[in-house]
Amino acid sequence: MEAITVGGLEMKYAAAICYLLGFLTMVGLQTVIPDQYAVLGYAAVFLLFVTGIYFSYSSEL
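Residues numbered from 1 in each chain as written. Predicted model: local features only at pLDDT ≥ 70, side-chain atom pairs only at ≥ 80, totals over all residues. Heavy atoms only, no water.

**Q** Help me understand the overall build of the protein chain, please; the structure alone is not making it clear to me.
**A** Secondary structure assignment for the protein chain yields two helices and zero strands. Expressed as a percentage of the 61 residues in the protein chain, the buried residues total 20%. Of the contacts made within the protein chain by residues no fewer than 6 positions apart, 65% connect residues no fewer than 24 positions apart. Carbon and sulfur atoms provide 73% of the accessible area of the protein chain, an area that totals close to 4,700 Å². (Helix = DSSP H or I, 4+ residues; strand = E, 2+ residues; numbered from the N terminus. Buried < 20%, exposed > 50% of the residue type's maximum accessible area, 1.4 Å probe, protein only. Contact = heavy atoms within 4.5 Å. Areas by Shrake-Rupley, 256 points an atom, 1.4 Å probe, with all protein chains shown as cover.)

Following this line, the structure appears as structure tokens:
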């Protein structure tokens, strides 16, 4: 059995957390978060998804 490396499983967990936070932010933008924060919320979701993609990609290298 191989040891878990920093670039391996932990990065996949970090990507999953970023995707989950992005999803919850999108749901919050539709239900809870006021409309005046919509642009800030969409920017946050964009950054979370880009970060998740980066973590997913770097875990495969």
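**Q** Can you walk me through helix α2 (residues 38-60) in this structure?
**A** Count 3.6 residues to each turn of an α-helix, and residues three or four apart come out pointing the same way. Between the first and last C-alpha of α2 there are 33 Å, a value that for 23 residues agrees with the 33 Å anticipated at 1.5 Å per step. Along α2, the residues classified as buried are G41, V45, G52, S58 and S59. Buried residues in α2 make contact with α1 (9-31). (Expected span 1.5 Å × (residues − 1).)

**Q** For this particular structure, what's the right way to read the packing of aromatic side chains?
**A** In this description, an aromatic ring pair is defined by two values, namely the gap between the centres and the angle between the planes. Using the criterion set out here, one finds two aromatic pairs in the structure. Aromatic pair Y54 and F55: ring centres 5.9 Å apart, planes at 50°, arrangement tilted. Exposure remark for Y54: the relative accessible area of 53% places this residue in the exposed category. (Phe/Tyr/Trp six-rings, centres within 6.5 Å; stacked < 30°, edge-to-face > 60°.)

**Q** Just to check I follow, could you spell out α1 for this structure?
**A** End to end, α1 covers 33 Å across 23 residues, agreeing with the expected 33 Å (1.5 Å per residue, within 8%). By the burial criterion, the buried members of α1 are M11, A15, C18, G22, G28 and L29. Contacts from the buried residues of α1 go to α2.

**Q** What should I look at first to understand the packing of α1 against α2 in this one?
**A** Two quantities define a packed helix pair, namely the angle between the axes and the distance from one axis to the other. At a minimum axis separation of 8 Å, α1 and α2 run at an interaxial angle of 160°. By the criterion of interaxial angle, the relationship of α1 to α2 is roughly antiparallel. Between α1 and α2 the crossing geometry is left-handed. Counted by class, the contact of α1 with α2 contains 16 nonpolar, nine polar and two charged residues. (Axes fitted to C-alpha atoms, helices over the stretch in contact; angles between N-to-C directions. Parallel < 35°, antiparallel > 145°, perpendicular 65-115°, else oblique. Left-handed = near helix turned anticlockwise from the far one by under 90°. Nonpolar A, V, L, I, M, F, W, Y, C, P; charged D, E, K, R; others polar.)

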